[in-house]
Amino acid sequence: MTELGAFLFPAVPLLGLLAMLLFGRYPGCEAIVRLSERIAARQGTIRDAPPPVSLPKPPRSFTPRGGLLIALGLAQRPPPLAA
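Residues numbered from 1 in each chain as written. Predicted model: local features only at pLDDT ≥ 70, side-chain atom pairs only at ≥ 80, totals over all residues. Heavy atoms only, no water.

Visitor: Give me the lowdown on the overall build of the protein chain, citing residues and values where you can.
Guide: Check the secondary structure of the protein chain and you find three helices and zero strands. When the helices and strands of the protein chain are read in sequence order from the N terminus, they spell out α-α-α. When burial is assessed residue by residue, the protein chain has 1% of its 83 residues classed as buried. Carbon and sulfur atoms make up 70% of the accessible area of the protein chain, which amounts to about 8500 Å² in all. (Helix = DSSP H or I, 4+ residues; strand = E, 2+ residues; numbered from the N terminus. Buried < 20%, exposed > 50% of the residue type's maximum accessible area, 1.4 Å probe, protein only. Areas by Shrake-Rupley, 256 points an atom, 1.4 Å probe, with all protein chains shown as cover.)

Structural data, given as structure tokens:
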């Protein structure tokens, strides 16, 4: 019984969403409409001024980092001696 409960417990939100969609209720629809209205109102004020052009920044340094640092560290070491 615990395996069935462990399977159904995570599936309950999915089943609830599926039931709401089948009955014609769309959760979050009002939030999407409010967000789209907010974005549309904000775009009207920004369109008046052209966006500033920014050049890409050069890299800070060319030192190896992360996986490349590990690879270079391993590549500079000779193979172990046979015992």
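Visitor: Just give me the short version of a nonpolar patch on the surface, but keep the residues and values in it.
Guide: Taken together, the side chains of Leu 4, Phe 7 and Leu 8 present a nonpolar region at the surface, about 310 Å² in accessible area. With respect to the helices, strands and loops of the structure, Leu 8 is situated in helix α1 (residues 2-22). Leu 8 gets classed as partly exposed once you look at its relative accessible area, which sits at 38%. (Patch = residues over 30% accessible without salt bridge, like charges linked within 9 Å, V, L, I, M, F, W, Y side chains within 5 Å. Salt bridge = Lys/Arg side-chain N within 4 Å of Asp/Glu carboxyl O.)

Visitor: Give me the lowdown on α1, citing residues and values where you can.
Guide: For α1, spanning 21 residues, the distance from its first C-alpha to its last is 29 Å, which sits close to the expected 30 Å at 1.5 Å a residue. Taken from the residues just after α1, Gly 24 is the one with a positive phi, measuring 85 degrees. (Expected span 1.5 Å × (residues − 1).)

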